[in-house]
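# Structure assessment
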Amino acid sequence: MDPAARAELRASICQLLVDAGRQSDEANFVKEKIAMLVADVVEREFPQRWTTFVDELLGASALGPAQADLALKTLSCVAEDCTNADFNAKVSHSRRNDVLRGLNALMSEQVLPWLYQLMAGAAGRRGASDEPLLRDGLRLLKNLVPWVPRAKFAAPGNDFVEVFTALLADAALRGGALACLQELSSSELPPAILEQVLAEVPAALAQLFESAAGGAEGLLSRDVHFMHVLAQTVAGVVVHNVGAVAGYAKEPASARARLLGVYLQLAVFLAELPSMKVAAELLPLFAALFRDESLRGSAAVVELLPRILAALCARCVRGWVGDAALSPIAEEEFNDGDEASAFVHMLRSQANGVVQSVGAQHPRIGAAFVAQQLEALIARHSSVE
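Residues numbered from 1 in each chain as written. Predicted model: local features only at pLDDT ≥ 70, side-chain atom pairs only at ≥ 80, totals over all residues. Heavy atoms only, no water.

## Thoughts on a nonpolar patch on the surface
Among the surface-exposed residues, V370, L374 and L377 lie close enough to one another that they form a single nonpolar patch of about 260 Å² accessible area. Topologically, L377 is positioned in helix α20 (residues 363–381). (Patch = residues over 30% accessible without salt bridge, like charges linked within 9 Å, V, L, I, M, F, W, Y side chains within 5 Å. Areas by Shrake-Rupley, 256 points an atom, 1.4 Å probe, with all protein chains shown as cover. Salt bridge = Lys/Arg side-chain N within 4 Å of Asp/Glu carboxyl O. Helix = DSSP H or I, 4+ residues; strand = E, 2+ residues; numbered from the N terminus.)

Pasting the structure below:
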């Protein structure tokens, strides 16, 4: 295709973005097809031949919510095609690298500030046209977090952690918000973001559980998958930042140490919920605490040890035979009793390492817990005083 024809094609594609307002009543799959068409041209032309793509995309998005939503869908398609293994077979390796380098060069100055203003504004308004913007913005952010430097998500004026935690309260959007937090927690965080996550995630979840019918357990019964991902996310923050949180523990009187204490209380609270899979997702966090000398001896951890032991022991009890007497939550988590039995066997094996660590490093606490469990067992199954 000659340069003139390419330029004409790019102009036509831009007009599709501008005309999105006329397509506002179209079904969502039609808008997705338009976004895929625009993305297909972007992946062939940007940044070498279409140097103004981002400027034109952001300019079109300012025309209205329909244009902004199509812009989000377009960038999501580009990001998925270039980073997601399920999609990127359609784009060559060299072209993927070119597109990602081109976007990354504009990320701090243009893309993220635009995206944050769009998301924060929609989150504050919550009008009829704002939910699609937030949903597609979260989809885009989930694809950006893995390859954009984490620090850019907490740059001045780009407080995405606040957006993610605020949207956890919205039943229609909390899955997308949590997916973004999960991506953030999957590797080491810059100090500013780590401190923000430790502060804001427990506060946001406390509000969510307080407002949810039946509290956290009620939410677990209605959305098991969400609670599984939540536990994995909570654990990932500590597991991938052990060195930093250990530094917090070395300053027991500091504000950061108090943040860590509240965050660990959240982790233990989740482990106490009646879900074997939630407890299993949190085991790496508990194991990480005992591997680090500063953490395992800290007051924040020591005071939680009896609750950690009790939660793990409660989840490792096999209280059913075959498919009989599975709890409603276990019925949601497992196909049948045999699958549940195999899982609890695995959970016992993994939890045993944590229990042994407590016994070796805090023998008095371990002995007191064992004595308490024996007393409870005798009281339950014997009339002997």
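On we go from here.
## A short note on the nonpolar core
Formed by 128 residues in total, the largest nonpolar core has its most connected members in L115, F209, M227, L270 and L282. No other element matches helix α5 (residues 93–125), which puts 12 residues into this core. Ignoring any residue separated from it by four or fewer positions in sequence, one finds L115 in contact with L72, G137, L140, L141, L144 and F160. (Core = buried A, V, L, I, M, F, W, Y, C linked by side-chain atoms within 4.5 Å. Buried < 20%, exposed > 50% of the residue type's maximum accessible area, 1.4 Å probe, protein only. Contact = heavy atoms within 4.5 Å.)

## Notes on unusual backbone geometry
For residues that are not glycine, phi is negative in most cases, and the peptide bond is trans in most cases. Here the amide bond leading from F46 into P47 is cis, since omega sits at 0°, within 30 degrees of zero. Residue placement: P47 occurs in the loop between α2 (28–45) and α3 (53–61). A positive phi is found at R126, a non-glycine position, where the angle reads about 55°. Tracing the backbone through its elements, the reader meets R126 in the loop between α5 and α6 (130–144). What makes R126 partly exposed here is its relative accessible area of 39%.

## Here's the deal with the pattern of salt bridges
Taken as a whole, this structure holds 16 salt bridges when the rule is applied. Note that E45 and R10 form a salt bridge whose closest N and O atoms lie 2.7 Å from each other. Here R10 lies in helix α1 (residues 3–18) and E45 lies in helix α2, a separation of 35 residues in the sequence. When its relative accessible area of 4% is taken as the criterion, E45 is described as buried. For R49, the salt bridge goes to E45, with nearest N and O atoms at 3.4 Å. Here R49 falls in the partly exposed class, since its relative accessible area comes to 44%. Bridged by salt links that share partners, the residues E32, K73, E80, D136 and R139 form one connected network.

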